[in-house]
Amino acid sequence: MEPLEPSAHDGAAWAEWGRGKIGRRYVDVPFLWGESYFYRKLLEATGYFGDGPWRGIDPFGPMKQAELDGPVVDGELAALDGTAALPPGERAEALLLGSLWGNRADLSFGVTLKGDHERAADLVVDDRPLLWSLIEAAAPGKICLVADNAGRELLPDLVLADHLLACGLAGEVVLHVKPFPYFVSDATPADVLACLRRLAAAPGRAGEAGARLWGAMEEGRLRLRAHPFACAPLPYADMPDDLREEFASASLTVMKGDLNYRRLVGDRMWPATTPFAAVTAYFPGPIVALRTLKSDALAGVPERTLAELDAAGRPWRTTGTHAMVQARP
Ligand SMILES: O=P(O)(O)OC[C@H]1O[C@](O)(CO)[C@@H](O)[C@@H]1O
């Protein structure tokens, strides 16, 4: 792997992060570092940070937009109307599961509504009661929602944020996204705006949520952060002081997705029964991970669950068939 161009705005940071790694082969450096650097080099290759005409153009933008414009999203947003008839507790669970399984991005509110029980059965850790008790105890608190993918994951994340704000469970939601395109589909500020427009233009409950979210943004109750650390090749244990203070000031931080989970637990192959609380003890406040399983980094799985899953003889750690809601007060 070659160094960045000398003019790179973040050359000093990458020189530091890349000490002992630049010049080596991709397969010989830690996976998290290699993947992050790959996306940084890709943006260099497309001129994203350059002075030319491609400056600031998201190379994955057309794919993201096609997904957002597609009929699948129409169906998912329409399915939101079905949640209106549910009792409040069930509605909240449906929205939470929508956000969780949105990380797999091949399920929807509709599926969630039809199959709550099946979806819940695929949770290898289910700390939903603890999640709601943390939120209720601090209501109306400040919730940091660390987003993962744009489009079909970010839409249900935003709908969940709207629910928390509209029900008085959160006084403020701070949505953390990536400052620039990363891991193909990761959400950037531009993707948040695209999703808000998509929601606001939709009929029914989705449109109502979109209108409320624009209002919340105008009033500062929904805020956006795109911290450079979000695209750094580092685990959260190495987060800078300002980010640490931000998470410390939140009543709850919700981490979405597989990559955030890997960074949260140090991207290590822990024995899967290692307590989640021990692995995340450094994190400066209550935390919940909402993640479908796409990699081997795993902690806090009960012994019995682990034995049952392994005995079934099917791959479950990396295929996105299983998920977790994992909380630490
Ligand atoms: O979008 P998510 O849930 O963060 O998943 C990203 C995951 O996909 C991969 O890029 C490939 O599986 C992993 O390296 C990464 O953890």
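Residues numbered from 1 in each chain as written. Predicted model: local features only at pLDDT ≥ 70, side-chain atom pairs only at ≥ 80, totals over all residues.

**Q** Talk me through the overall build of the protein; I want residue IDs and the actual numbers.
**A** When its secondary structure is counted, the protein shows 15 helices and seven strands. Scaling as 2.2 N^0.38, a compact globule of 329 residues should have a C-alpha radius of gyration of about 20 Å, and the protein matches this with 20 Å. If you line up the protein on its principal axes, its C-alpha atoms span 60 × 50 × 35 Å. Looking at the protein alone, contacts between residues at least 24 apart form 77% of all its contacts between residues at least 6 apart. (Helix = DSSP H or I, 4+ residues; strand = E, 2+ residues; numbered from the N terminus. Rg over C-alpha atoms; globule rule 2.2 N^0.38 Å. Contact = placed C-beta atoms within 7 Å.)

**Q** Now, about the domain arrangement of the protein: what can you tell me, with residues and values included?
**A** Examined at the domain level, the protein breaks down into domain 1 (1–57) and domain 2 (61–328). Placing the centre of domain 1 and that of domain 2 at their C-alpha centroids yields a distance of 28 Å. The element best represented in the side of domain 1 that touches domain 2 is helix 2 (residues 31–45), accounting for seven residues. For the side of domain 1 that touches domain 2, the per-class residue count stands at nine nonpolar, one polar and no charged. (Domains from an automatic or database assignment. Nonpolar A, V, L, I, M, F, W, Y, C, P; charged D, E, K, R; others polar.)

**Q** Describe the site of the ligand, listing the residues and the values that go with them.
**A** What surrounds the ligand is the set E35, N103, D148, N149, F183, G257, D258, L259, R262, K294 and S295. Tallying contributions element by element places helix 13 (residues 258–264) first for the shell around the ligand, with three residues. Across the shell around the ligand, the residue classes tally to two nonpolar, four polar and five charged. (Near = placed C-beta within 6 Å.)

**Q** So what's going on with the packing of helix 5 (residues 88–102) against helix 9 (residues 154–166)? Which residues, and what values?
**A** Packing of helix 5 against helix 9 brings their axes to within 8 Å, and their N-to-C directions diverge by 150°. Between helix 5 and helix 9, the angle is such that the two are roughly antiparallel. The hand of the helix 5/helix 9 crossing is left-handed. Between helix 5 and helix 9, the contacting residues are A92, L95, L96, G98, S99 and G102 on the first element and P156, D157, V159, L160 and H163 on the second. (Axes fitted to C-alpha atoms, helices over the stretch in contact; angles between N-to-C directions. Parallel < 35°, antiparallel > 145°, perpendicular 65-115°, else oblique. Left-handed = near helix turned anticlockwise from the far one by under 90°.)

**Q** I'd like to hear about the sheet that holds strand 2 (residues 141–146), residue by residue, with values.
**A** In spatial order, the strands read 1-7-6-5-2-3-4; together these seven strands make up an open sheet with mixed pairing. What marks the edges here is a single partner per strand, and that holds for strand 1 (123–126) and strand 4 (222–225). Strand after strand, the sheet turns through a mean of 15° between neighbouring axes, direction not considered. Strand contacts of helix 9: strand 2, strand 3 (170–176), strand 4 and strand 5 (252–256), with the helix running at about 160° to strand 3, the strand carrying the most contacts. (Pairing = 2+ DSSP bridges.)

**Q** Which residues make up unusual backbone geometry, and what values go with them?
**A** With an omega dihedral of -5°, the bond running from A139 to P140 counts as a cis peptide bond. Within the secondary structure, P140 sits in the loop between helix 8 (128–138) and strand 2. In this structure, V184 takes a positive phi of about 65° despite not being glycine. Here the phi dihedral of D267 falls at roughly 50°; this positive angle occurs in a residue that is not glycine. Within the element layout of this structure, D267 appears in the loop between helix 13 and helix 14 (276–279).

**Q** Account for the environment of S36, naming residues and giving values.
**A** Note that S36 resides in helix 2. Taking C-alpha positions, S36 is 7.8 Å from Y182, a pair spaced 146 residues apart along the chain. Beyond its immediate chain neighbours, meaning those up to four positions away, S36 contacts C231, A232 and P233.

**Q** Any chance you could break down the environment of G171 for me, citing the residues and the numbers?
**A** Here G171 lies in strand 3. For G171, a count of 15 C-beta atoms within 10 Å puts it in the partly exposed group. The sequence separation of G171 and I143 amounts to 28 residues, and the corresponding C-alpha distance is 8.1 Å. When neighbours within four sequence positions are excluded, G171 is seen to be in contact with P140, G141, K142 and R221. (Buried ≥ 20, exposed ≤ 12 C-beta atoms within 10 Å, placed from the backbone.)

**Q** An account of the pairing of strand 6 (residues 287–292) is needed here, citing residue identities and associated values.
**A** In the case of a regular strand, side chains alternate between the two sheet surfaces. By the criterion of burial, strand 6 is predominantly enclosed, with six of the six residues buried. Taking every second residue as pointing to the same face, both faces of strand 6 are buried, with I287, A289 and R291 on one and V288, L290 and T292 on the other. Pairing geometry for strand 6 and strand 7 (residues 323–328), over six bridges, is antiparallel. Within strand 7, the residue paired with T292 across the bridge is A323.

**Q** Let's hear about helix 11 (residues 204–219): which residues, and what values?
**A** Compared with an ideal rise of 1.5 Å per residue, which puts 16 residues at 22 Å, helix 11 spans 23 Å between its outermost C-alpha atoms and is within 8% of the ideal. For helix 11, the set of buried residues is R205, A206, A209, G210 and L213. Seen from one end, helix 11 has its buried residues packed into an arc of 140°, which puts them on one side. Seen from the buried face of helix 11, the exposed residues on the opposite side, beyond 90 degrees, are G215, E218 and E219. (Expected span 1.5 Å × (residues − 1). Arc of directions from axis to C-beta.)

**Q** Which residues make up the pairing of strand 2, and what are the values?
**A** Two strands pair when backbone bridges link them, and strand 2 and strand 3 are joined in this way by six bridges, in the parallel orientation. Counterpart to C144 in the pairing with strand 3 is V174. A crossover links strand 2 with its parallel partner strand 3, the connecting element being helix 9, and its sense is right-handed. The pairing of strand 2 with strand 5 spans four bridges and is classified as parallel. Considered in strand 5, the bridge of I143 is made with L252. (Right-handed = clockwise from strand over helix to strand, strands pointing away.)

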